[in-house]
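# Remarks on the overall topology
Below are the chains, spelled out letter by letter.
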Amino acid sequence: MIFGALGVVALIALAVRAAGGDQVSSLHHLYLLPALWAALARGVTGGCLVGLVAGLVQALSIFPLIERAGPSWPAVDGIVSLSTPLTLGLTVGRLLDQSRGRGAQLEALLDIQRSLAGEGTLGQRLAGVAELTRRALGVDRVRLVLEAGGADRIAASAPEQFHPAAALPTSAPTPCRRLVLPLDAGRGPAGALIAERDGDLSAATRGMASALALHLALAIENARLTERQRHFAHELEEKVAGATRRLRELDQAKNEFLTIASHELRTPLTALQGFSELLLTRDVPPERARRYLGHVHTESKRLGRIVGDLLDLSRIESGRGPELQRVPLDLGEIIEANLEIFASQHPRHHFDWSGTGSAPPLCADRDAVDRMLKNLLSNAIKYSPRGGRVRVGTAVPSDKPGMVELSVEDDGVGIAADALPRIFDPYVRISNPETAAAPGLGLGLSLVRGLAHAHGGSIEVESLPGKGSRFRVLLPA
Amino acid sequence: MRLLAHRLETERSASLAALTGQLGLVAGLTTLGCALGVAGDSLAGPGSSLGHAFASGSVHAGFLSAGWILALHGRGGWQGPALRGAGALLVASLAAGLSPVGAVAYLFVPLVIARDAIGWSARLEWIGWRAPRDLRTLFVGAAAGIFLGIHLLFAASLMLGYPVAVPDGRRYLAAVAYDIGVNAVTVEWLFRGAIFSALWRRWSFWPAAAASTGLALLRYLLDPALPQTAELVAGAMFYTLLLGLGCCALRAWSGSLWPGYLATVAFFAAYRILLV
């Protein structure tokens with residue numbers, strides 16, 4: 001294109017000469033056209049080059065005029081005429097370069113905003129931003145370095161062959177310029193924009209780089225905020241999903257509880273109704289009547305225990321806790337009494353207690369300890385449907401000084417790891433095909449935990465599916 | 001940031017004192033050569049041109065040696081190439097002083113310099129001792145030199161009435177051989193190669209180009225071979241300025257000294273047609 005403009009200059013020179021250019025000074029204005037063309041096509045470089053050549057060509061006719069006539073108005077006219085193409089080329093080219101630079105800057109800013117708002121990690125998005133910045137600045141290499149907390153840094157380069165900090169080439173025929181600008185959105189530098197160019201970094205490029213650095217800092221700050229919001233939204237979504245899942249589980253547990261509770265309550269009630277009706281409507285012999293009354297008594301006790309458990313749990317859940325009467329206890333006596341009862345009722349199970357006569361001293365509510373042990377033994381039996389060994393132990397744990405340990409271990413079905421966190425929740429029964437028919441409201445372990453906490457103690461569990469479970473109640477001595 | 005604490009150039013020149021000492025030594029030897037040449041002409045009497053040729057050869061040998069010193073950052077190793085180049089220059093100058101046909105010897109000077117420079121290519125790349133990035137720049141360089149040369153011819157003949165002719169073909173060819181083998185070589189080697197490249201590393205293009213072109217202008221203004229009339233001095237300054245800036249632009253654009261060398265050769269080939 002520049003050669004085309006130079007060709008036009010030559011044609012104009014010939015035309016001016018043919019027309020007797022010294023006499024027709026207005027023809028010299030034609031030299032403006034190729035200078036303008038070159039400036040519009042190639043900016044300040046093209047405009048200046050063609051303007052200079054046009055000026056030099058005109059000088060051939062103007063300088064002899066000055067030589068002959070000396071300083072005169074025609075000479076001034078000639079000098080103005082020969083300098084105009086250069087001035088025009090410089091001015092128009094510069095304006096065009098500036099407007100193109102501004103346009104490129106705006107376009108780059110929009111692209112950068114779009115790129116930063118895209119998918120992927122901030123580091124991945126920055127690689128695209130570095131390339132866009134490189135193109136907008138018209139430099140050879142761009143690197144973005146961001147502080148990512150502590151000694152961590154996110155770095156993105158475009159292209160990848162970025163000169164390391166200490167190794168700017170010194171043997172290249174064109175010197176490499178490096179511009180380092182802080183990325184500061186008003187809250188201190190968050191990183192740096194580093195631009196490298198083989199050759200000069202013009203004032204326009206430096207100014208544009210400063211503006212871009214500010215916009216980049218703001219855009220990166222926004223991108224970080226957006227990323228944080230996305231992260232927060234994701235966390236919130238997970239929390240809501242977890243809470244919804246938990247609510248569903250609770251709803252399911254409530255439904256199961258209602259089903260089981262009605263069944264558990266109806267069974268003794270049916271017995272009570274049946275035996276009392278028999279006693280009222282029939283003439284029953286005294287021994288049988290006594291046996292019936294025994295059944296009525298047993299079922300009413302069972303009913304009373306269920307209602308008692310529900311009331312205790314309700315009190316624990318409301319934060320009031322059961323009323324405890326702490327007295328020194330003989331833990332061994334309570335264990336022996338319970339084992340005797342359970343052994344007589346469950347002949348398929350074998351009960352072990354290794355600490356006969358050596359249970360550590362304990363100051364606690366007797367009824368509460370008894371109920372905790374009964375619940376744990378009942379669970380051990382319930383979840384060992386094929387029988388097996390149930391081991392009861394007491395100890396003073398070395399890892400928990402000042403506490404007394406009461407443990408119940410079985411060889412039953414065990415509990416899956418994912419279900420372990422929920423087994424102490426009220427109304428929760430872990431489904432297992434082997435134990436589905438076992439009675440219960442899902443209150444036992446919740447009650448044990450509530451009673452242990454009321455004493456200032458705790459309960460722990462270790463379990464392996466298919467191997468069995470071990471519950472460990474820790475109570476203050 | 002850590003980045004800002006790093007040195008941006010890993011290769012530094014020798015100390016300023018060492019560099020000044022080396023350049024001073026070359027300047028002293030150049031002055032001695034000039035003095036010997038002038039003294040030789042005085043002793044030989046009128047008509048002798050050997051002394052003048054020796055002095056001219058000494059000046060160009062000084063330019064060449066200064067270029068080698070700056071190109072190698074004054075770190076040593078320049079002495080051998082500088083001595084060989086200076087020797088070739090002096091021999092060629094004496095040969096041309098004896099007879100116009102002897103000017104053919106000028107054409108061997110670039111070969112001697114190139115032979116040494118090829119061995120130092122890696123360390124001379126920064127001054128532009130390499131092929132241009134784009135071969136079209138060679139054409140642009142030659143075209144720029146031809147344009148300026150033709151412009152000079154037109155301007156001088158139209159404005160000042162100097163005739164454009166080649167009355168003695170052998171003398172013209174001898175002058176062109178001098179430009180090809182000595183004038184353009186030393187000017188490009190020192191002013192565009194060593195000086196402009198060194199200044200461009202520290203400053204931006206325009207200050208570096210202005211400074212190196214200013215030094216080149218000074219070299220032509222101090223040249224006793226140049227006619228000292230006001231209009232010729234003004235013309236020389238005008239064209240040397242344009243040629244110098246153009247060669248700097250070509251050096252920066254192409255990364256090589258070759259386009260500027262072609263421009264200089266083409267311009268001086270035209271200039272030699274002008275009978276001043």
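Computed from a predicted model, the values in this text were never measured in an experiment. (Residues numbered from 1 in each chain as written. Chains lettered and ligands numbered in written order. Predicted model: local features only at pLDDT ≥ 70, side-chain atom pairs only at ≥ 80, totals over all residues.)

Attention shifts here to the overall build of chain B. A tally of helices and strands in chain B yields eleven helices and zero strands. Counted from the first residue to the last, chain B has its helices and strands arranged as α-α-α-α-α-α-α-α-α-α-α. Contacts in chain B between residues at least 24 apart in sequence constitute 73% of all its contacts with a sequence separation of at least 6. (Helix = DSSP H or I, 4+ residues; strand = E, 2+ residues; numbered from the N terminus. Contact = placed C-beta atoms within 7 Å.)

Scanning chain A from terminus to terminus reveals nine helices and eleven strands. Residue burial in chain A is summarised as follows: out of 477 residues, 30% are buried. Counted over contacts in chain A with a minimum sequence separation of 6, partners at least 24 positions apart contribute 66%. (Buried ≥ 20, exposed ≤ 12 C-beta atoms within 10 Å, placed from the backbone.)

With that settled, the discussion passes to the confidence of the model for chain B. Residues and elements named next belong to chain B. Across chain B, the average pLDDT comes to 87, with 93% of residues at 70 or higher. Of all the helices and strands in chain B, helix H1 (residues 2-5) carries the lowest mean pLDDT, 48, while helix H11 (residues 258-271) carries the highest, 95. In the model, residues 1-8 has pLDDT below 50 throughout and makes eleven contacts with residues more than four positions away in sequence or in other chains. Under the prediction, the complex receives an ipTM of 0.76, its pTM being 0.67. (pLDDT = per-residue confidence, 0-100.)

This part covers the pairing of strand S9 (residues 403-410) of chain A. Residues and elements named next belong to chain A. Going residue by residue along S9, you find Val404, Leu406, Val408 and Asp410 tucked away on one face and Met403, Glu405, Ser407 and Glu409 left uncovered on the opposite face. Here seven bridges tie S9 to strand S11 (residues 468-476), and the two strands are oriented antiparallel to one another. Paired with leucine 406 across the strands is valine 473, a residue of S11. (Pairing = 2+ DSSP bridges.)

Attention now goes to the sheet that holds strand S6 (residues 349-353) of chain A. Residue and element names in this part refer to chain A. A sheet is described by the order of its strands in space; here five strands give the open sequence S6-S8-S9-S11-S10, paired in mixed fashion. Where the open sheet ends on each side, the last strands, each with one partner, are S6 and strand S10 (458-464). Taken over all neighbouring pairs, the strand axes of this sheet differ in orientation by 15° on average, direction set aside. Bridge count for S6 against strand S8 (residues 388-395) is five bridges, and the pairing is parallel. The residue of S8 that forms the bridge with histidine 349 is glycine 388. Together, S6, S8 and S9 form the strand contacts of helix H7 (residues 331-345), whose direction differs from that of S6 by roughly 170°. (Axes fitted to C-alpha atoms, helices over the stretch in contact; angles between N-to-C directions.)

Residue and element names in this part refer to chain A. The N-to-C vectors of helix H4 (residues 122-137) and helix H5 (residues 203-281) enclose an angle of 160°; their axes lie 11 Å apart at closest approach. The angle between H4 and H5 falls in the class roughly antiparallel. Every pair of crossing elements has a handedness; the one defined by H4 and H5 is right-handed. Of the residues in H5, those in contact with Leu122, Arg125, Thr133, Ala136 and Leu137 of H4 are Thr205, Met208, Ala209, Leu212, Leu216, Ala223, Arg224 and Glu227. Residues that form the contact of H4 with H5 fall into these classes: eight nonpolar, two polar and three charged. (Parallel < 35°, antiparallel > 145°, perpendicular 65-115°, else oblique. Left-handed = near helix turned anticlockwise from the far one by under 90°. Nonpolar A, V, L, I, M, F, W, Y, C, P; charged D, E, K, R; others polar.)

All names here are of chain B. Look at helix H7 (residues 136-160) against H11: their axes get within 7 Å of each other, and the N-to-C directions meet at 25°. With respect to each other, H7 and H11 are oriented roughly parallel. Both H7 and H11 take part in a crossing whose hand is right-handed. Here the contact of H7 with H11 is composed, by residue class, of 19 nonpolar, six polar and no charged.

With that settled, the discussion passes to the environment of A:Glu131. All names here are of chain A. With respect to the helices and strands, glutamate 131 occurs in helix H4. Given 17 C-beta atoms within 10 Å, glutamate 131 falls into the partly exposed group. Taking the C-alpha atoms as reference points, glutamate 131 and isoleucine 112, 19 residues apart in sequence, are found 9.5 Å from one another.

Moving on to the pairing of strand S1 (residues 141-147) of chain A. The side chains of a regular strand alternate between the sheet's two faces. Residue and element names in this part refer to chain A. Within S1, six of the seven residues are buried, which leaves it mostly tucked inside the rest of the structure. In terms of strand pairing, S1 meets strand S4 (residues 189-198) through six bridges, oriented antiparallel. Bridge pairing in S4 links valine 142 to alanine 195.

Residue and element names in this part refer to chain B. If you look at the biggest cluster of nonpolar residues, it comprises 102 residues, and the most contacted ones within it are Leu64, Leu89, Tyr106 and Val109. Here the element with the most residues in this core is helix H8 (residues 169-202); it accounts for 18 residues. What leucine 89 contacts, discounting residues up to four positions off in sequence, is Gly57, His60, Ala61, Leu64, Val109 and Val182. (Core = buried A, V, L, I, M, F, W, Y, C linked by C-beta atoms within 7 Å.)

Residue and element names in this part refer to chain B. The phi torsion at histidine 73 lies on the positive side, around 60°, for a residue other than glycine. Checked against the element boundaries, histidine 73 lands in the loop between helix H3 (50-71) and helix H4 (79-98). Here histidine 73 falls in the buried class, since 20 other C-beta atoms lie within 10 Å of it.

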